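# A structural walkthrough
Next come the chains, spelled out residue by residue.
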Amino acid sequence: VSYRSDERPSISFEAEVENICQRSITNTATISTSTAEVSADNDTSSVTVPVATSDLSISLTAPFSVVPVTTGDRQLDFVVHIQNLGPQTAKAVQASFILPAGVTAFDATSWTYPELAPNESIDIPVTVEFPTAPNVTYNLAASIASDAIDCNTGNDRVAFSVLSGDHPDVRV
């Protein structure tokens, strides 16, 4: 870029960052000239900017994972737990509880939240009814996503298996 000494230059640019999953990015600009200058101490400047990322997580809990089909209630109460572990607010958060064929939910199975602040969590109760088919394993899942950059996608989906049948629920 060339300019006359009586002008103030203005330069702008866009850059693509390869590893966005970091807490901050430092940008350094340097200027040089072929003419003599009084001091080169002000020829370099840096600015560090934070990277807006969130870490969303989702989990499923239920009081047990065996549903009796011939004796007792075929319903199971789940809690879908969603959380933003931070460090930034997640916007347009979408969570869903994915049920296999034949399994019925009495409550909503997908939710949208305008935002989820860092360290904010929400517990969503969902009652599910299972068919009267003995010795069948039902694989359920839940997932969460948003418009935010999520560098830890390992906790954005969870699976949960339920066995139907008249099996004892033994706990220690």
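Here, every reference points to the structure presented above.
A brief structural summary. Note that the coordinates shown come from a computational prediction; the quantities given were computed from them, not determined experimentally. The residue numbers shown here count from 1 along each chain, following its written sequence. Thresholds applied to this predicted model are a pLDDT of at least 70 for local features of residues and 80 or more for the giving and counting of side-chain atom pairs; totals over whole chains, interfaces and linings are not thresholded and use all residues. Only hydrogens and water are set aside when side-chain values are computed; all heavy atoms of the structure are taken into account.

Glancing now at unusual backbone geometry. Looking along the chain, the bond that leaves Gly-86 and enters Pro-87 is cis, with omega of 5°. Secondary structure elements follow DSSP: runs of H or I no shorter than four residues count as helices, runs of E no shorter than two count as strands, and numbering proceeds from the N terminus. With respect to the secondary-structure elements, Pro-87 resides in the loop between strand S6 (75-84) and strand S7 (90-98). Even without being a glycine, Asn-119 presents a positive backbone phi close to 70°. For Asn-119, the location among the structural elements is in the loop between strand S9 (110-116) and strand S10 (121-129). Relative accessibility thresholds used throughout: buried, under 20% of the residue-type maximum; exposed, over 50%; partly exposed, between the two (1.4 Å probe, protein chains only). A relative accessible area of 59% places Asn-119 in the exposed class.

The next thing to look at is the nonpolar core. Of all hydrophobic cores here, the largest spans 27 residues; its most connected members are Phe-78, Val-80, Ile-82, Phe-97 and Phe-130. Among the secondary structure elements, those contributing two or more residues to this core are strand S4 (56-61), S6, S7, S9, S10, strand S11 (136-145) and strand S13 (157-164). Between two residues, a contact is recorded if the distance between any of their heavy atoms is within 4.5 Å. Ignoring anything within four residues of it in the chain, the contact list for Val-80 reads Ile-58, Ser-59, Leu-60, Phe-97, Trp-111, Ile-122, Asp-123, Ile-124 and Val-126. Among the buried residues, those of types Ala, Val, Leu, Ile, Met, Phe, Trp, Tyr and Cys that are joined through side-chain atoms within 4.5 Å form a nonpolar core.

Our next topic: the sheet that holds S11. Pairing between strands requires that DSSP locate at least two bridges from one strand to the other. Pairing is mixed across the open sheet formed by 5 strands, whose spatial order is S5-S13-S11-S7-S9. Two strands lie at the open edges of the sheet, namely strand S5 (66-67) and S9, each paired on one side alone. In this sheet, S9 lies alongside S7 in antiparallel orientation, the contact comprising 6 bridges. Looking across to S9, one finds that Ser-96 is bridged to Ser-110.

Turning to the pattern of salt bridges, a few remarks are in order. Here a salt bridge means any side-chain nitrogen of Lys or Arg lying within 4 Å of a carboxyl oxygen belonging to Asp or Glu. By the definition in use, this model includes 2 salt bridges. Of the charged contacts, one joins Glu-129 and Arg-74 as a salt bridge, the two residues approaching to 3.9 Å between their closest N and O atoms. Linking Glu-129 in strand S10 with Arg-74 in the loop between S5 and S6, this pair joins segments that are 55 residues apart in sequence. On the basis of relative accessible area, Glu-129 is assigned to the partly exposed category, the value being 24%. A residue is classified by how much of its surface remains accessible, and Arg-74, at 24% relative accessible area, is partly exposed.

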